[in-house]
Structure formats: C-alpha cells, structure tokens
Amino acid sequence: MPRVICAGHVNWDVTLRVEALPDPDGEVAVDSRRSGGGGSAANVATGLADLDVGPVLFGSVGDDEHGRAAREELAGAGVDVDQVVTDSEAETTTKYIIVEPSGEVMVLGCSGANESFAADDLPESALAAADHLHMTSQAPETAIRLAERARERDVPVSFDPGRRIDQRGYGPAITSVDYLFLNDREAALALDAFDLEAQTLVLKHGPDGAEIRRGDGRTAHPGYPIEVVDTTGAGDAFAAGFIAANVGGAGDDRALAVANACGALASKAPGARTSLTWEDVRAFLGE
C-alpha cells in the first residue's frame, strides 16, 4: 500500500446550513447544524484512506475535547495519527462553515493550534517510508522546510496552498514542489506572481472540470454535471482522488477523471467528508 504524508491543518468544523446569508443587522434561520473533524490535511487523509492509500497525518491539535475527538474520528477512518502534535497551550482550531442553498460556503475561523507543528517535528523515519508528501495550508516556513526535506529524500511533493495564497509568503514553497493544486482565483494570482515552469499545475475549474498543465502540454477533463449540496471539502476530495490515482500509476486522463469524480461526490453530500471508496468512485463513473 502506498504511503502518503498529509501535512497541514487539523480542525474542528461547525457547519451551519442557512436559507440565505443575512443582510447587515439582519437575521436568518439555521436549517441544520453539525459538528465534526475538518481541516484540509485531515480531509485529504480520510479520502486517501477510503481509496486504499496509507495516509499519515502531520499537523497539530489542542489538548482538549475537540482535539481528542478529531484524533479518534481520524483513527477510526484509517488515518495514521501518530504524527499529530498536541499543543497543550492552545485550543484545537474551530472553523464555522456557513452553507447557502446553492452549496457555496463562507468560512469563519478561530485561531488555535493548527499551525503549532514545525517541519522538524516529523521524524526522518516517517518521511523515509513515504511515497508522496501532500501539503495544505500551514505556516510558510513549515511548508518550505518540509518541501526541502522531501526533496532530500526524492519524495514527490504536492501543495494546495488554499484560499489565503495571496496573504502568506508561500513563494519559496510554491516554486519548489512537484505538483501545485489551484482553483481559478488562486491560479490567477499565482501565475502572475511566480515562475511555475518547473511545476505540474493541477487546475480546478469547479463545475467546468479540471486540467493539468505541464510545460506547454495540457490535459483537460470536463467534470460531471451534478446537483450541488455543499462544496465544503470538495477540493480536498479532488486532491485525494488525484493523488490516489497518481501514486497508483494512473495517467493524467485517469487521474483527472477520478479527481473530478471525488470532488463531485463530496459536493453531492453535506459536510467536509463523504465516502470516497473505489466502489463509490467506479459506480459514479458508471464502471
């Protein structure tokens, strides 16, 4: 079984579904409320576990009820949580996710322990046993050092810097990884700011599918028409599908088809995580 280290945020999510976003000084009813583990690195790790890849999660939580619950939930899903650091002086990061009827989301974050880990907290033995390192949003200096350590071990690295790509100093990390995952807004910022000729770009176009850009070559997939319920975690599911197919030796066309299927499955269900087993993916693809 391939082993993939997922490095980044481990959160506790509180998801609120509302009939509409309120106007200033307004109020709307909450249709439903649910709580559970979240964070991009944790979401990708659970998706990989579903897809028969051995995920090792590297991140940090607080020494509190939410941190313990997140660990237990992840371990129960088949994720190796031995490398999750516990910060006794900070609380587990909580994100409040507001979901409109269209499935679009708004995120409110509370600062906490999800960037308490440092690159050197990851043992050399864990990195030596890895077939791939996938990084999500984290402290820039941590991402840079992790990418350096992976390069020293010839471990391929992918990076999904997330929605705050223009607010953090990710440049050295972005230009040193093998695969860079970007949505349309992030790509518009990154393509203008950085020389990305050496990176394989995996570009997510939402309902319009996705594409891979490698030098002058492009491979595109149109995606799948679905009725969107909740886009929370769809990008993480996409990444899990792409990485699982890639480490399994699939070509670009297949990797994009699987990634788009995983993103669609995540968008058809509420919450940041949904079942992404190969049985589910193949059924969705009509195979």
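Data block above holds the structure.
Treat the numbers as computed from the prediction; the structure is a model and nothing was measured. (Residues numbered from 1 in each chain as written. Predicted model: local features only at pLDDT ≥ 70, side-chain atom pairs only at ≥ 80, totals over all residues. Heavy atoms only, no water.)

Enquirer: Tell me about the pairing of strand 5 (residues 84–87), and please be specific about residues and values.
Expert: Note: strand 4 (residues 54–62) against strand 5, four bridges, orientation parallel. Following the sheet pairing, G62 is matched in strand 5 by D87. Following the chain from strand 4 across helix 2 (residues 65–76) to the adjacent parallel strand 5, one finds a crossover that is right-handed. (Pairing = 2+ DSSP bridges. Helix = DSSP H or I, 4+ residues; strand = E, 2+ residues; numbered from the N terminus. Right-handed = clockwise from strand over helix to strand, strands pointing away.)

Enquirer: Report on the nonpolar core, specifying residues and quantitative values.
Expert: Membership of the largest hydrophobic core comes to 42 residues, with the highest contact counts inside it found for C6, L48, L57, F181, F242 and V281. Listed by contribution, the elements that provide at least two residues to this core are strand 1 (3–7), helix 1 (40–50), strand 4, strand 10 (179–183), strand 12 (210–214), helix 7 (234–247), helix 8 (252–267) and helix 9 (278–284). Counting residues per element, this core draws most heavily on helix 7, which supplies nine residues. Filtering out sequence-adjacent residues up to four positions away, F181 remains in contact with H134, S158, F159, D160, P161, E186, V202, K204, F238, A239, F242 and I243. Residues L146, V157, Y170 and I174 belong to the second largest nonpolar core, which totals 31 residues. (Core = buried A, V, L, I, M, F, W, Y, C linked by side-chain atoms within 4.5 Å. Buried < 20%, exposed > 50% of the residue type's maximum accessible area, 1.4 Å probe, protein only. Contact = heavy atoms within 4.5 Å.)

Enquirer: Which residues make up the state of the cysteines, and what values do they have?
Expert: Each disulfide consists of a covalent bond between the sulfur atoms of two cysteine residues. The full count for this structure, using the stated rule, is zero disulfides. With no disulfide of its own, C6 lies 13 Å from the sulfur of C262, the closest cysteine sulfur. On the basis of relative accessible area, C6 is assigned to the buried category, the value being 0%. (Disulfide = S-S within 2.5 Å.)

Enquirer: With reference to specific residues and values, describe the pairing of strand 6 (residues 94–99).
Expert: Across the six residues of strand 6, five count as buried, placing the element largely inside the fold. Relative to strand 6, strand 2 (residues 11–18) is paired through six bridges, and the arrangement is parallel. By the bridge assignment, T15 is partnered in strand 6 with I97. Linking two consecutive strands that pair antiparallel, namely strand 6 and strand 7 (residues 105–109), is a turn of five residues; a positive phi of about 95° is found at G103 within it.

Enquirer: Talk me through the sheet that holds strand 7; I want residue IDs and the actual numbers.
Expert: Spatially, the four strands line up as an open sheet ordered 3-2-6-7, and their pairing is mixed. What marks the edges here is a single partner per strand, and that holds for strand 3 (30–38) and strand 7. Mean inter-strand twist for the sheet, computed between neighbouring axes without regard to direction, equals 20°. Sitting on the sheet, helix 2 is in contact with strand 2, strand 3 and strand 6, with an inclination near 90° to strand 2. (Axes fitted to C-alpha atoms, helices over the stretch in contact; angles between N-to-C directions.)

Enquirer: Residues and numbers for the packing of helix 1 against helix 7, please.
Expert: It is at 8 Å that the axes of helix 1 and helix 7 come closest, and there the two elements cross at 45°. Our classification of the angle between helix 1 and helix 7 gives oblique. As helix 1 runs across helix 7, the sense of the crossing is right-handed. Contact residues: S40, N43, V44, G47 and L48 in helix 1; D236, A239, A240, I243 and A244 in helix 7. (Parallel < 35°, antiparallel > 145°, perpendicular 65-115°, else oblique. Left-handed = near helix turned anticlockwise from the far one by under 90°.)

Enquirer: With reference to specific residues and values, describe the environment of N246.
Expert: Along the polypeptide, N246 turns up in helix 7. Looking at N246, the relative accessible area reads 23%, which means it is partly exposed. When the C-alpha positions of N246 and G67 are compared, they lie 31 Å apart, and in sequence the two are 179 residues distant. Polar side-chain contacts of N246 include one of 3.5 Å to the side chain of Y179. (Polar contact = N/O pair within 3.5 Å; in protein donor to acceptor, adjacent residues only side chain to side chain.)

Enquirer: Account for the side chain of K95, with residues named and values stated.
Expert: The residue K95 is located in strand 6 in this model. Of the buried charged residues, K95 lacks a salt bridge, with D13 as the closest side chain of opposite charge at 6.6 Å. Residues in contact with K95, not counting those within four places in the same chain, are N11, W12, D13, V14, V107, L108 and G109. (Lys, Arg positive; Asp, Glu negative; His and termini not counted. Salt bridge = Lys/Arg side-chain N within 4 Å of Asp/Glu carboxyl O.)

Enquirer: Residues and numbers for helix 7, please.
Expert: In an α-helix, one full turn covers 3.6 residues, which means residues spaced three or four apart are oriented alike. Under the 1.5 Å per step criterion, the end-to-end length of helix 7 is 20 Å for 14 residues, consistent within 8% with the ideal 20 Å. When you tally the buried positions in helix 7, you get eleven out of 14 residues, the bulk of the element. Residues of helix 7 that are buried: A234, D236, A237, F238, A239, A240, G241, F242, I243, A244 and A245. Phi turns positive one or two residues past the end of helix 7, at G249, with a value near 90°. (Expected span 1.5 Å × (residues − 1).)

Enquirer: Outline the sheet that holds strand 10, listing residues and values.
Expert: Spatially, 5-4-1-8-9-10-11-12-13 is the arrangement adopted by the nine strands of the open sheet, whose pairing is mixed. Looking at the sheet topology across the chains shown, the edges are occupied by strand 5 and strand 13 (217–221). Recorded for the sheet is a direction-independent mean angle of 15° between the axes of neighbouring strands. Bridging between strand 11 (residues 200–204) and strand 12 involves five bridges; their strand directions are antiparallel. Counterpart to V202 in the pairing with strand 12 is I212. Taken strand by strand, helix 4 (residues 140–152) contacts strand 1, strand 4, strand 8 (132–136) and strand 9 (157–160), and its axis lies near 170° from that of strand 8. Strands strand 9, strand 10, strand 11 and strand 12 of the sheet are contacted by helix 6 (residues 184–193), whose axis makes an angle of about 120° with strand 10.

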